[in-house]
Amino acid sequence: MASPAEARTVREPAGKAASATTWDVPAAVAAGGAIGSVLRWSTSLVWPGPVSTFLVNVLGCLAIGVLMCVITELVTPHRLLRPLLGVGVLGGFTTFSTYVTDALRLALSAPLAALGYLLATVLCCLLAVFVGMTATRALSRGLRREAA
């Protein structure tokens, strides 16, 4: 059986088989994006404004760290899993455009707070990806030890 890293290098043959699956990736991204966007919208109802945007971006980055670690290091995923969950759900859930809009609105009344918001979001999102990947790797090592 191929490792997840080896499995990623396998390409589908060109021609009839490849053309039959032309729309499955965009469909997976669209379905996932619809789910992620509804989740983000729901969060904005509970915590309107920059707090909601900050939370969804940090939580989304944490989930991206976990997902990318799992599908690139731990399992051989179905080829539509990354487009569905990574690009679709998490891409629809996280939001760069609202982050910038929130920062611009905040800058009109509190420029230093806007700068803090911009920097804190980027730093916390990067930290969240790191924590997600590190925790997933540690958990998988612990599970493998218990299984052995």
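Conventions adopted
- Residues numbered from 1 in each chain as written.
- Predicted model: local features only at pLDDT ≥ 70, side-chain atom pairs only at ≥ 80, totals over all residues.
- Heavy atoms only, no water.
- UniProt positions renumbered as here; feature names shortened; annotations may be inferred.
- Phe/Tyr/Trp six-rings, centres within 6.5 Å; stacked < 30°, edge-to-face > 60°.
- Helix = DSSP H or I, 4+ residues; strand = E, 2+ residues; numbered from the N terminus.
- Buried < 20%, exposed > 50% of the residue type's maximum accessible area, 1.4 Å probe, protein only.
- Contact = heavy atoms within 4.5 Å.
- Disulfide = S-S within 2.5 Å.

The chain has the name Fluoride-specific ion channel FluC in an unreviewed UniProt entry, where Saccharopolyspora endophytica is given as its organism. Looking at the chain in UniProt, the text filed under Catalytic activity (unreviewed entry) is "fluoride(in) = fluoride(out)". Its UniProt record gives the chain the following Subcellular location (unreviewed entry) comment, quoted word for word: "Cell membrane".

## What to know about the packing of aromatic side chains
Inspection of every chain in the model, using the stated rule, returns two aromatic pairs. A centroid spacing of 5.6 Å and a plane angle of 50° characterise the contact between phenylalanine 96 and tyrosine 99, whose relative ring orientation is tilted. Of this pair, phenylalanine 96 and tyrosine 99 are both found in helix 6 (residues 96–109), three residues apart, which corresponds to roughly one turn of the helix. Judged by relative accessible area, tyrosine 99 falls into the buried class, the value being 7%.

## What about the environment of methionine 68?
Relative to the helices and strands, methionine 68 is located in helix 4 (residues 50–74). When the C-alpha atoms of methionine 68 and leucine 85 are compared, they prove to be 10.0 Å apart, with 17 residues separating the residues in sequence. Contacts of methionine 68, omitting those with residues within four sequence positions, involve Glu73 and Arg82.

## Quick look at the state of the cysteines
Applying the stated criterion to the full structure yields zero disulfides. In this model cysteine 61 remains outside any disulfide bridge; the closest cysteine sulfur is found in cysteine 125, 3.8 Å from its own. Cysteine cysteine 124 shares no disulfide, and the gap to the nearest cysteine sulfur, in cysteine 125, comes to 7.1 Å.

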